[in-house]
Amino acid sequence: MGEKNNFMQLIDALRPMMKGTRKLGEFTAFIIDLGLVPAPDTGDERTAIELRAIPTWKGYANGSYPMKPDFAGELAGRWDEEEFSSNLLQWYQEPVLNELADRLNRIDPRINKGNVGRGLGVLIREVLVTIRDAAPSPLEVPFNLTTPAPQSVAPYIDEKTNRLRLGDQSVGLPPKKDVPEHIQPKELIYVAALLHAYCEGLTTSNPKPVIDDIPPRWSAHFQDQRKAFYSAEWVRETSWSCIHNGKAMFDEFLDSMHAGVTDTNLRTYPNGVERLLATLAQAVQVQLDRQRLDQIITLIDVWSRKGSCHELAAQGRLSWVDA
């Protein structure tokens, strides 16, 4: 078997995502199907397995049967990064996607935990176009997943610009995503805590209140708290590779916020909403002079400060209603 080609190396990077009894050929066809849409010129809707047999997909993946340029061009013409990203996020949960982002970031620095779906979709398209055009690899360096990412280049704050840098590279902040319409699995714990606060004392409230039980007065406030949570998640994703003294800088940020609000949270209040409001108000005032993430321009704002309270509630470090 000759030198590894781009497609073979890409599938090697994704193989830890294989589960159960799914075999290499089936897995490879499945990955391609995640991003295929009908052909714009012919309307061809055939699936990967309808286009090529499973043994052929296995050959593409292990290098025993290199993909032909014309077929790579056919796939590239039907490839949609957004469709791929949407389907990938439906099939795989956050822990798998986070691990995938870590692996892919070593071979393509454009990919991180905040854009892993679309980033991988773009990379697959580039690999297909490379095969179609018999062009050089779109990657700056060869795939090498056996060697850990170098740790010698530590994130630091440029004192002149107050921006985050990695070595000689300035790290731009990615745009914030819209809050999902529906509650996501990672939201369940902090949302449950909010529901108990909003619905505390209601004679018609369920033992486990649901969103429809929220009094109208607090509906907009609840949506604001989801915005706050996702602002904090954006900070987490943006700073995912930032380590200080062996600890993630985002975790240091949460520790600082917890230290700044815990006394307020522990005081006696007439109800859970009052405790929630007081804690959120205190979060806006917490001093973060020694917190390195706060030195990065436009990273930490009022929303992410409030969102840190919900991150802490999800970890069981803050609560709104007495047990």
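Draft legend 1. Seen up close, the nonpolar core. In this structure, Phe7, Trp57, Met67, Leu75, Leu88, Leu104 and Leu120 are the most contacted members of the largest nonpolar core, which totals 41 residues. Secondary structure elements with two or more residues in this core: α1 (6-14), α2 (24-33), α3 (48-51), α4 (54-62), α5 (69-77), α6 (81-91), α7 (94-105) and α8 (116-133). The leading source of residues in this core is α8, at seven residues. Contact partners of Met67, with chain neighbours within four places excluded, come to Phe7, Trp57, Tyr60, Ala72, Leu75, Leu128 and Ile131.

Draft legend 2. Up close: the pattern of salt bridges. The final tally for this structure, using the stated rule, is eleven salt bridges. Taking the shortest distance from any N to any O, the salt bridge between Asp44 and Arg46 comes out at 3.0 Å. A relative accessible area of 16% places Asp44 in the buried class. Here Glu82 makes a salt bridge to Arg118, at a shortest N to O gap of 2.5 Å. Of this pair, Glu82 sits in helix α6 while Arg118 sits in helix α8, and the two are 36 residues apart along the sequence. Judged by its relative accessible area of 46%, Glu82 falls in the partly exposed class. Salt bridges linked by common partners bring Lys186, Glu233, Arg236 and Glu311 together as one network.

Draft legend 3. Structural view of helix α12 (residues 272-285). A rise of 1.5 Å per residue sets the reference length of α12, with its 14 residues, at 20 Å; its end C-alpha atoms lie 20 Å apart and thus fit the reference within 8%. Those residues of α12 not exposed but buried are Gly272, Val273, Arg275, Leu276, Thr279, Leu280 and Ala283. Taken end-on, α12 shows its buried residues confined to a sector of 160°, consistent with a single buried face. Here the buried face of α12 lies against α9 (188-198), α10 (216-238), α11 (249-266) and α13 (302-314). Two to three positions downstream of the cap, the backbone nitrogen of Val273 sits 3.2 Å from a side-chain oxygen, assigning the N-cap of α12 to Asn271.

Draft legend 4. Seen up close, the packing of α1 against α4. Look at α1 against α4: their axes get within 6 Å of each other, and the N-to-C directions meet at 95°. Accordingly, the angle class assigned to the pair α1 and α4 is roughly perpendicular. Between α1 and α4, the residues in contact are Phe7, Met8 and Ile11 and Trp57, Tyr60, Ala61 and Asn62, respectively. Looking at the contact of α1 with α4, its residues break down into six nonpolar, one polar and no charged.

Cut-offs used in this document
Residues numbered from 1 in each chain as written. Predicted model: local features only at pLDDT ≥ 70, side-chain atom pairs only at ≥ 80, totals over all residues. Heavy atoms only, no water. Core = buried A, V, L, I, M, F, W, Y, C linked by side-chain atoms within 4.5 Å. Buried < 20%, exposed > 50% of the residue type's maximum accessible area, 1.4 Å probe, protein only. Helix = DSSP H or I, 4+ residues; strand = E, 2+ residues; numbered from the N terminus. Contact = heavy atoms within 4.5 Å. Salt bridge = Lys/Arg side-chain N within 4 Å of Asp/Glu carboxyl O. Expected span 1.5 Å × (residues − 1). Arc of directions from axis to C-beta. Polar contact = N/O pair within 3.5 Å; in protein donor to acceptor, adjacent residues only side chain to side chain. Axes fitted to C-alpha atoms, helices over the stretch in contact; angles between N-to-C directions. Parallel < 35°, antiparallel > 145°, perpendicular 65-115°, else oblique. Nonpolar A, V, L, I, M, F, W, Y, C, P; charged D, E, K, R; others polar.

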